[in-house]
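Chain by chain, the residues:
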Amino acid sequence: MIRVGILSVSDEAARGVYPDTTHTALREALAAGPFEVAAYELVPQESAQIKRVLRLWADREGYELILSAGGTGLSPRDNTPEATRELLEREVPGLAEQMRACIGASPHVVLSRGVVGTRGRSLIVNLPGEPEDARVALEAIFPLLPKTIEMITGKTLTSQR
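Residues numbered from 1 in each chain as written. Predicted model: local features only at pLDDT ≥ 70, side-chain atom pairs only at ≥ 80, totals over all residues. Heavy atoms only, no water.

### What to know about the side chain of Lys51
Along the chain, the position of Lys51 falls in helix H3 (residues 47-61). A polar contact is formed between the side chain of Lys51 and the side chain of Glu86, at a distance of 2.7 Å. Those residues within four positions of Lys51 in sequence are excluded, and the remaining contacts are Ala83, Glu86 and Leu87. (Helix = DSSP H or I, 4+ residues; strand = E, 2+ residues; numbered from the N terminus. Polar contact = N/O pair within 3.5 Å; in protein donor to acceptor, adjacent residues only side chain to side chain. Contact = heavy atoms within 4.5 Å.)

Put into structure tokens, the structure is as follows:
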């Protein structure tokens with residue numbers, strides 16, 4: 001099983017203005033694969049808080065997959081990609097491009113500035129904040145995740161031919 005941390009980034013949800021439903025959509029999508037959601041946290045769009053959680057989950061908890069949802073758009077408070085980029089050791093631009101290329105039912109996914117990369121043995125993926133957009137973006141790279149995580153961790157997750 002691939003251990004996953006889900007970080008929701010939203011000022012309004014963190015203040016209790018509305019519930020965070022994005023993490024629920026991501027949990028449902030992950031149920032179709034070899035994934036175990038090990039942690040969930042909701043933070044406002046503050047770089048320091050985003051980096052704190054990403055650092056903790058990658059460096060101490062060692063989650064193989066860390067999904068952040070929200071803060072990837074074009075508003076002045078959207079700073080998740082910048083916060084994430086400061087922590088990445090290597091970017092994986094092909095996965096970010098794949099998410100934006102697979103518009104599916106949600107054309108707004110192309111507006112996401114999310115980045116994907118590695119920190120240690122963790123793959124960090126920035127997803128859009130809207131539940132449907134996050135699901136579409138995740139499903140666009142879903143088939144690639146086990147092999148990508150194998151390459152990062154050295155663990156065997158897929159069947160060998």
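What follows picks up the thread again.
### A look at helix H5 (residues 93-101)
Within the sequence span of H5, burial applies to Leu95, Ala96 and Met99. The buried residues of H5 occupy one face: seen down the axis, they fall within an arc of 100 degrees. In H5, the exposed residues that point more than 90 degrees away from the buried face are Glu97 and Ala101. Structurally, H5 contributes buried residues whose contacts are with strand S5 (116-119), strand S6 (122-127), helix H6 (131-141) and helix H7 (145-153). (Buried < 20%, exposed > 50% of the residue type's maximum accessible area, 1.4 Å probe, protein only. Arc of directions from axis to C-beta.)

### A closer look at a nonpolar patch on the surface
A cluster of nonpolar residues, Leu74, Val110 and Leu111, forms a patch on the protein surface that exposes about 290 Å² of accessible area. The topology assignment puts Val110 in the loop between H5 and S5. (Patch = residues over 30% accessible without salt bridge, like charges linked within 9 Å, V, L, I, M, F, W, Y side chains within 5 Å. Areas by Shrake-Rupley, 256 points an atom, 1.4 Å probe, with all protein chains shown as cover. Salt bridge = Lys/Arg side-chain N within 4 Å of Asp/Glu carboxyl O.)

### Topic: the pairing of strand S3 (residues 65-69)
The element S3 is extensively covered by neighbouring structure, given that 5 of its 5 residues are classed as buried. Burial along S3 is two-sided: the residues Leu65, Leu67 and Ala69 and Ile66 and Ser68 are all buried. As defined by bridge partners, strand S1 (residues 2-9) adjoins S3 across 5 bridges and the pair is classed as parallel. Each residue of the ladder has a partner; that of Gly5, found in S3, is Ile66. Summarising the sheet, S3 and S6 pair through 5 bridges and their orientation is parallel. (Pairing = 2+ DSSP bridges.)

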